[in-house]
Amino acid sequence: MRRYLRVLFVCTLLVFCSLLYICNQLVSSLESADQQERAARTRAADPGLSERAQDDRSAPHEAGRLEPVGLAVVACGSRLEETLTMLKSAVLFSRHLHFHIFAEDQLHAGFRQMLESWPQRFRSKFNYSIYPITFPGDNAREWKKLFKPCASQRLFLPLILKQVDSVLYVDTDILFLRPAEDVWSFLSRFNGSHVAAMAPEHEEPRIGWYNRFSRHPYYGKTGLNSGVMLMNMSRIRDTHFKNDMTTVDLKWADLLMPLLHKYKLNITWGDQDLLNIIFHHNPESLLLLECEWNYRPDHCIYGSNCITAEHHGIYILHGNRGVYHDDKQPAFRAVYDAIQQFPFEEDPVRGLLLPLEEKLKSADHTYCGRSRHVFTKRLRQTIRDLQKDHDTPRRTKV
């Protein structure tokens, strides 16, 4: 009798385990089908998603690597070379990046060819995705010609990159003089209401543009410059923004077109003006960066007015007004030329820092050139840190 009970117990246990296994397999199958259905709905809602995913050239992930800095840029017209120089500056000093490149169709092949040709030691530091230029339906032409070609694309990044939480947007004429991870770290300083971070348009109100000429609301005393814009896009998508068009707070997707229709006859700097209007009404949503994170000719053209750059050096250089490509501000052009011409595998002191310091000596006839120490102060430290990381056995002392 006891033996019979043991056999019955074992059989019951086996039946129970079999039923448990079958249920588990059934649940897994249902979850898989649900995931496929959700993916199909996502692709249907965003027709460009499949195309963009196919154009994602990703270097293999390394175990234990941190989430990459999402670096977004918009390139149209003749901006291929300038954009590649910007990306090169980011790769030289940063550790792990994902480039979100929005470009006209004829530029896509050039980006792929050049990025894939970079040495593997640097190629392994970044992934990239290339996207077409896209604007909302019937108003696409109006948005594309708002300011410089395609510049207003940045306003729609939260609506296009629906699966991306945050990006660091930069103009094509940006150069990194310290790791992109350092500005990315400001995301951890956002409080509960911050959705973005930008630097002021001017430090000195006497030469400010917005406070003297603007015909629309703007942020703070001198407005914002949008050439460097750190964006928590999840928050931008979810936030309801105050505005002067309706008593009802509007979400980002519902705000942009009415804003353009109201102010299009009063804005000079296109999408940057629209951002100033938005953050004028929602100042609590913005984290203000210091001027060394977006250093432009305005900070030295009439004398140095970015005090923090005097103390710490320039962190991000912004060569607006085409100063990388003419002789009006040779100090800015010297930095651009030095990074563009720097051979990837060369020692950064001999190949980048020393040639730059030599070129800057010829810029003393300009106010910016007389402040040449700010162009190399942080760069010198960045190269020193880079050499420590790589532990180069034969490096030139900084």
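Structural notes, computed from the coordinates.

## Quick word on the packing of aromatic side chains
Part 1 of the argument: Under the counting rule described, the total for this entry stands at 18 aromatic pairs.
Part 2 of the argument: Judged by centre distance (5.8 Å) and plane angle (85 degrees), the rings of Phe 135 and Phe 156 are edge-to-face. Of this pair, Phe 135 sits in the loop between strand 4 (126-131) and helix 6 (140-144) while Phe 156 is found in the loop between helix 6 and helix 7 (157-160), placing the two residues 21 residues apart along the sequence.
Part 3 of the argument: Note on Trp 209 and Trp 269: the rings are 5.6 Å apart at their centroids and 75 degrees apart in plane angle, and the pair reads as edge-to-face. Within this pair, whereas Trp 209 is found in the loop between strand 7 (196-200) and helix 9 (210-213), its partner Trp 269 is found in the loop between helix 11 (252-263) and helix 12 (271-281), the two being separated by 60 residues in sequence.
Part 4 of the argument: It is Lys 88 that lies over the ring of Phe 344; its NZ or CZ is 5.0 Å from the centre.
Part 5 of the argument: Directly above the ring of Tyr 315 sits Arg 178, whose terminal nitrogen or CZ lies 4.3 Å from the centroid.

## Details of the pattern of salt bridges
Part 1 of the argument: On inspection of all chains with the given rule, the structure shows 17 salt bridges.
Part 2 of the argument: Residue Asp 337 is joined to Arg 333 by a salt bridge in which the shortest nitrogen-to-oxygen separation is 3.5 Å. Taken together, the residues Asp 337 and Arg 333, both in helix 14 (residues 330-341) and four residues apart, mark about one turn of the helix.
Part 3 of the argument: Residue Asp 337 is classed as buried on the basis of its relative accessible area, which comes to 15%.
Part 4 of the argument: Classification of Arg 333 by relative accessible area gives partly exposed; the value is 27%.
Part 5 of the argument: Residues joined by salt bridges that share partners form a network here, namely Arg 154, Asp 171 and Asp 271.

## Some remarks on the state of the cysteines
Part 1 of the argument: All told, the structure shown has three disulfides when counted by the stated rule.
Part 2 of the argument: With a sulfur-sulfur separation of 2.0 Å, Cys 76 is cross-linked through a disulfide to Cys 150. Between Cys 76 and Cys 150 the disulfide shows an S-S torsion of about -100 degrees. By sign, it is left-handed. On the criterion of sequence distance, the pair formed by Cys 76 in the loop between strand 2 (69-75) and helix 3 (80-93) and Cys 150 in the loop between helix 6 and helix 7 is long-range, its members being 74 residues apart.
Part 3 of the argument: Given a relative accessible area of 6%, Cys 76 falls into the buried group.

## Overview of the nonpolar core
General note: in soluble globular proteins, nonpolar side chains tend to be found buried as a group.
Part 1 of the argument: Counting residues in hydrophobic clusters, the biggest one holds 74 residues, and the most contacted among them are Leu 87, Phe 176, Tyr 295 and Phe 375.
Part 2 of the argument: Every residue in contact with Phe 375, bar those within four places of it in the chain, is listed here: Leu 177, Tyr 295, Ile 314, Leu 317, Ala 331, Phe 332, Val 335, Leu 356, Leu 360 and Cys 368.
Part 3 of the argument: Residues Cys 76, Leu 157, Val 195 and Ile 236 belong to the second largest nonpolar core, which totals 42 residues.

## Description of the environment of Lys 359
Part 1 of the argument: The topology assignment puts Lys 359 in helix 15 (residues 348-360).
Part 2 of the argument: As for Lys 359 and Asp 337, which are separated by 22 residues in sequence, their C-alpha atoms are 9.5 Å apart.
Part 3 of the argument: Beyond its immediate sequence surroundings of up to four residues, Lys 359 is in contact with Ala 334, Asp 337, Ala 338 and Gln 341.

## Quick word on the side chain of Gln 272
Part 1 of the argument: Within the secondary structure layout, Gln 272 lies in helix 12.
Part 2 of the argument: For Gln 272, a relative accessible area of 9% gives the class buried.
Part 3 of the argument: Look past the residues within four positions of Gln 272 in its chain and what remains in contact with it is Glu 201, Tyr 210, Leu 224, Asn 225 and Ser 226.

## What about the pairing of strand 2?
Part 1 of the argument: With seven of seven residues buried, strand 2 lies mostly within the body of the structure.
Part 2 of the argument: Residues of strand 2 alternate between two faces, with Val 69, Leu 71, Val 73 and Ala 75 on one and Gly 70, Ala 72 and Val 74 on the opposite face, all of them buried.
Part 3 of the argument: The pairing of strand 2 with strand 3 (residues 97-103) spans seven bridges and is classified as parallel. Across the sheet, the residue bridging to Val 74 is Phe 102, located in strand 3.
Part 4 of the argument: Regarding topology, helix 3 serves as the crossover connection from strand 2 to the parallel strand 3, and that connection is right-handed.
Part 5 of the argument: The sheet contact formed by strand 2 and strand 5 (residues 166-170) spans two bridges and is parallel. Bridge assignment links Ala 72 to a residue of strand 5, and that residue is Tyr 169.

What counts as what
- Residues numbered from 1 in each chain as written.
- Predicted model: local features only at pLDDT ≥ 70, side-chain atom pairs only at ≥ 80, totals over all residues.
- Heavy atoms only, no water.
- Phe/Tyr/Trp six-rings, centres within 6.5 Å; stacked < 30°, edge-to-face > 60°.
- Helix = DSSP H or I, 4+ residues; strand = E, 2+ residues; numbered from the N terminus.
- Lys NZ or Arg CZ within 6 Å of the ring centre and 35° of its normal.
- Salt bridge = Lys/Arg side-chain N within 4 Å of Asp/Glu carboxyl O.
- Buried < 20%, exposed > 50% of the residue type's maximum accessible area, 1.4 Å probe, protein only.
- Disulfide = S-S within 2.5 Å.
- Core = buried A, V, L, I, M, F, W, Y, C linked by side-chain atoms within 4.5 Å.
- Contact = heavy atoms within 4.5 Å.
- Pairing = 2+ DSSP bridges.
- Right-handed = clockwise from strand over helix to strand, strands pointing away.

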